[in-house]
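Report on the structure
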Amino acid sequence: MVEITEKEYEQFKSLVKVWTHASPEKSGHYFICGEGGPKDDMGLPEFIFVCPTYGADFRDTARYVRDDSI
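Thresholds applied
Residues numbered from 1 in each chain as written. Predicted model: local features only at pLDDT ≥ 70, side-chain atom pairs only at ≥ 80, totals over all residues. Heavy atoms only, no water. Helix = DSSP H or I, 4+ residues; strand = E, 2+ residues; numbered from the N terminus. Rg over C-alpha atoms; globule rule 2.2 N^0.38 Å. Phe/Tyr/Trp six-rings, centres within 6.5 Å; stacked < 30°, edge-to-face > 60°. Lys NZ or Arg CZ within 6 Å of the ring centre and 35° of its normal. Pairing = 2+ DSSP bridges. Axes fitted to C-alpha atoms, helices over the stretch in contact; angles between N-to-C directions.

Helix and strand content of the protein chain: two helices and three strands. Secondary structure elements of the protein chain, listed N to C terminal, follow the sequence α-α-β-β-β. Taken over the C-alpha trace, the protein chain has a radius of gyration of 16 Å; the compact-globule value for 70 residues is 11 Å, which it surpasses by more than 25%. Each of the three principal axes of the protein chain carries a C-alpha extent, and together these read 50 × 30 × 15 Å.

In structure tokens, the structure reads:
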């Protein structure tokens with residue numbers, strides 16, 4: 001059996017997280033499903049909508065608002 005390093009394991013965990021959120025129809029995880037408002041200097045929108053799972057009704061989404069006071 002081949003062993004992996006701690007760094008490789010951390011990279012693996014990151015890739016699993018990316019995959020689960022990039023393929024919500026397969027993983028069942030939440031994902032960003034919309035954005036709105038003006039964008040800041042870094043190109044981030046004023047708010048985003050997060051869908052709890054693939055195929056959820058729009059009423060089930062959560063709206064997150066950018067906080068520029070930090």
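After presenting the structure, the write-up continues.
Attention now moves to the packing of aromatic side chains. Given two aromatic rings, their pairing is described by the distance between the two centres and the angle made by the two planes. Throughout the structure, instances matching the rule amount to two aromatic pairs. The ring centre of Phe47 lies 4.1 Å from the NZ or CZ of Arg63, which sits over that ring.

Our focus in this paragraph is the pairing of strand 1 (residues 31-39). Bridge analysis of strand 1 against strand 2 (residues 45-51) gives six bridges, and the strand direction is antiparallel. Pairing of Ile32 across the sheet is with Val50, part of strand 2. Taking the residues that link successive antiparallel strands as the turn, the strand 1-strand 2 hairpin has five residues, and the phi of Gly43 there is positive, at about 85 degrees.

In this section: the sheet that holds strand 3 (residues 62-65). Reading across from one edge, 1-2-3 is the order of the three strands in this open sheet, with antiparallel pairing throughout. Edge positions in the sheet fall to strand 1 and strand 3, since each has one partner strand and no second. Strand-to-strand twist of the sheet, defined as the mean angle between neighbouring strand axes without regard to direction, takes the value 20 degrees.

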